Amino acid sequence: MPPFLHKKSIWISLFISLVIIILSFFYSRGYLIRHQKNYFSPKQYQQIYQSTNNGLIIGPDDAPNKIEIYSSLLCRACANFSLHQLPEIINQYVKSNRAKIIIHPMPPRETMKASICAWQQGRLLEYEQYFFNHQQEFFHDQNSQEIISFSYQTKLNSDLFKKCYQDQNQIYNKIIQNWLNQSEKNKIKYTPTIFVNGKEIIYDGRSEVIDRIGEKLK
């Protein structure tokens, strides 16, 4: 075979191989998207969206007052509030059916999704309290495995939490993006930000915030 024909056949072979690799990549990507892991039925995903889209509710849904809290699991001031004042707020105002609390998780997205998964099991407060008590561990590693491992240390069903957290259904991204849009609309600049029936309560780290919230209740 003449040298130029030999070179030509090599280039043709390389070109064909490249085409096969590219086609295989796109086929595999499409296959993964079509077969990504979903753990719930479409109806269940819709229920998750409807129940969490406007925040995570704690307490009776028909309570006459609404306490909204914009909080991040990586915020030290939020940790202080959640660990020291929030339990008493719940004891005084939520358990007496005077108010419901709506938690609005704030970035990062990884912890926002973790809050959804904990809330679905009715264990949001337990998970958040453990997370706040172990913030430094997450700051050190900052990976999703740490988020999952925290569920093992609480009363959560860790297998269900892991399935939820690793669930790739786009409904979770939609919920989180809606939360971000709401926080932007409400001009949330810092955490924690607290509203009682639409009126902001400035949090200064002191326990007096409990009484100031009570004064705004109907």
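Since this is a predicted model, take the numbers as computed values, not measurements. (Residues numbered from 1 in each chain as written. Predicted model: local features only at pLDDT ≥ 70, side-chain atom pairs only at ≥ 80, totals over all residues. Heavy atoms only, no water.)

A. Representation of unusual backbone geometry in the model. In this chain, Pro107 is followed by Pro108 through a cis amide linkage whose omega measures 15°. Considering the arrangement of structural elements, one finds Pro108 in the loop between strand E3 (99–105) and helix H4 (109–120). Thr191 connects to Pro192 through a cis peptide bond whose omega is -5°. With respect to the helices and strands, the residue Pro192 is situated in the loop between helix H9 (171–185) and strand E4 (193–196). Of note in this structure, Asn97 is not a glycine but carries a positive phi near 65°. One can find Asn97 in the loop between helix H3 (76–94) and E3. The phi dihedral of Asn197 falls on the positive side, at around 50°, and the residue is not glycine. Positionally, Asn197 belongs in the loop between E4 and strand E5 (199–201). (Helix = DSSP H or I, 4+ residues; strand = E, 2+ residues; numbered from the N terminus.)

B. Representation of the packing of helix H5 (residues 124–133) against helix H7 (residues 144–152) within the structure. For the pair H5 and H7, interaxial distance at closest approach is 10 Å and the crossing angle is 120°. On the basis of their axis angle, the class for H5 and H7 is oblique. Pair H5 / H7 crosses with right-handed handedness. On H7, the residues that touch Tyr127, Tyr130 and Phe131 of H5 are Ile147, Phe150 and Ser151. Residue classes in the contact of H5 with H7 are distributed as 5 nonpolar, 1 polar and no charged. (Axes fitted to C-alpha atoms, helices over the stretch in contact; angles between N-to-C directions. Parallel < 35°, antiparallel > 145°, perpendicular 65-115°, else oblique. Left-handed = near helix turned anticlockwise from the far one by under 90°. Contact = heavy atoms within 4.5 Å. Nonpolar A, V, L, I, M, F, W, Y, C, P; charged D, E, K, R; others polar.)

C. Expanded view of the pattern of salt bridges. The tally for this structure, following the rule as stated, stands at 4 salt bridges. Asp61 serves as the salt-bridge partner of Lys100, at 3.6 Å between the closest nitrogen and oxygen. Residue Lys100 is found in strand E3, and its partner Asp61 is found in the loop between strand E1 (56–58) and strand E2 (65–71); the two are separated by 39 residues along the sequence. Close ionic contact of Arg123 with Glu126 constitutes a salt bridge, the shortest N to O distance being 2.9 Å. Here Arg123 falls in the partly exposed class, since its relative accessible area comes to 28%. (Salt bridge = Lys/Arg side-chain N within 4 Å of Asp/Glu carboxyl O. Buried < 20%, exposed > 50% of the residue type's maximum accessible area, 1.4 Å probe, protein only.)

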